[in-house]
Amino acid sequence: MKTTWLAAWISIVGWGSARAESLPPLCDRHWFEVDEAVPLALDEVPSRPFIYLPVVAPAEDLAPFLASGALKVRVSDPAGQVVAGQVDLRPYDSNSYGALAGVVRWRPTAELAAGTYDASVVVADAPAEWQSEGCPLLQGFENKVSFTVAALASAPPAVSLAVAVKGEWDVVRVYGACSWVHEAVPCESPDGICCGRDLNPYRSIEATVRFEGAAPPPEYTALEVTFEYLAEPGVSLGRVYYPLDASTPLTSVATEPLHGAPAAGRGCVTANLVSLFLGPEAAPLASVRTCPDPSAYTEVPRPDPITACDPAECSTFEPISDVEGPDSGPEPEPEANPETDVTRPDGDTHLEVVEEAIADPNIENRSNGCAAGFDPSVAWLGLSLVVLGVRRVRRS
């Protein structure tokens, strides 16, 4: 599927037309398909659970497929008797926790007694009208999920949360005319070209969540982490981690483009452990809220200035001579403006805090590779727009 979508994209943008013509046509996949992410054996299931079946549906309304027999779901108890329940979909919304969006699920109409149950699903072959030209019809399939309802519910897991705030630096290497580059270091060649850097401060808010006790399987467990911004009280940023192995600590990080210790009660983080067995309307299995300790704030030392330039980067410029740069004279001190100046947590009043607080910081996850890639240099974008002819090269 991914290959054919890629082929269509290549054809649209005009890359490799001969290669695009050699790939098969784009097929209509709008029929039931197997979802291999759904577990087929479950233990310690609550008495009235949502059970996810390994089937992705072609539409949000299952009623026509159930009425026609194209989709059949049957759940039997330990004695082999049919158990009444409702079949629907995990909705396509922002709280669908990744791969389970659009997956068929079943829930009993009443609480279940302890024991092992079997949920079978049968999908018919796709009808001819669902076929695209030149593509084969999707074949039907059958699968089963076994789940055991516990006689006594296990105690919910305990969740602990540690929050730390640290001042860090984002360093961007800059190449261009020497008169325009900060902390300029001349290139060996060509003349008039220098390298320098943009040094941008930011704070990282690191939240580490640990679990103790029994939790649902990873595919049925999600962690909701909400960061309250230090610079903007009342504004928060949420992240969801799914699937979640509750036996492994999880570390999540948010960032803001400014330095300084947080005020007491600011920059707090909330962590909710959610069971997908219970559904979105149920309360979390566990919830904890923690605020960073201002006295524990640490700051990475300011990086040493650069001493040499990259010859390969320098060589991409033409020599420059007699370049008129910006006025090198001292700039007048800005007058205080009560409408824009704010007081930093460390007691200093500075206009840059307002500019940095406007930036919309994002979040990145360092524990499972799911990173949104926050760039602290966003707040400094105006600088690179003004300095024409300057190339910024990020250094990791």
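Along every chain, residues carry numbers that run from 1 in the direction the sequence is written. Residue-level local features of this predicted model are given only where pLDDT is at least 70; pairs of side-chain atoms are given and counted only at 80 or more, and the full residue set underlies all totals for whole chains, interfaces and linings. The side-chain numbers reported here are obtained from all heavy atoms of the structure, hydrogens and water having been left aside.

A. View of unusual backbone geometry. Cis rather than trans, the peptide bond between Ser189 and Pro190 has omega equal to 0 degrees. Going along the chain from the N terminus, every DSSP run of H or I of four or more residues is numbered as a helix, and every run of E of two or more is numbered as a strand. Its place among the elements puts Pro190 in the loop between strand 10 (185-186) and strand 11 (193-212). Here the bond from Tyr242 into Pro243 is cis, since omega is -10 degrees, no more than 30 degrees from zero. Residue position: Pro243 is located in the loop between strand 13 (236-241) and strand 14 (250-256). In this model, Glu183 sits at a positive phi of 50 degrees, which is unusual for a non-glycine residue. Position of Glu183 among the secondary structure elements: in the loop between strand 9 (158-177) and strand 10.

B. Representation of the sheet that holds strand 16 (residues 286-290) within the structure. When DSSP finds two or more bridges between a pair of strands, those strands are recorded as paired. Within the open sheet, the four strands sit side by side as 13-12-15-16. Their pairing is antiparallel. Bordering the open sheet on either side are strand 13 and strand 16, each of which pairs with just one other strand. On average, each strand axis in the sheet is tilted by 15 degrees relative to the strand beside it, whichever way the strands run. Relative to strand 13, strand 12 (residues 221-228) runs antiparallel, the two being bridged by six bridges. In the sheet register, Glu224 faces strand 13, and the bridge partner there is Val240. Fitted lines through C-alpha atoms serve as axes, helices being fitted only where they are in contact, and the angles separating the N-to-C directions of these axes extend from 0 to 180 degrees.

By themselves, these figures tell us nothing about what the structure is for.
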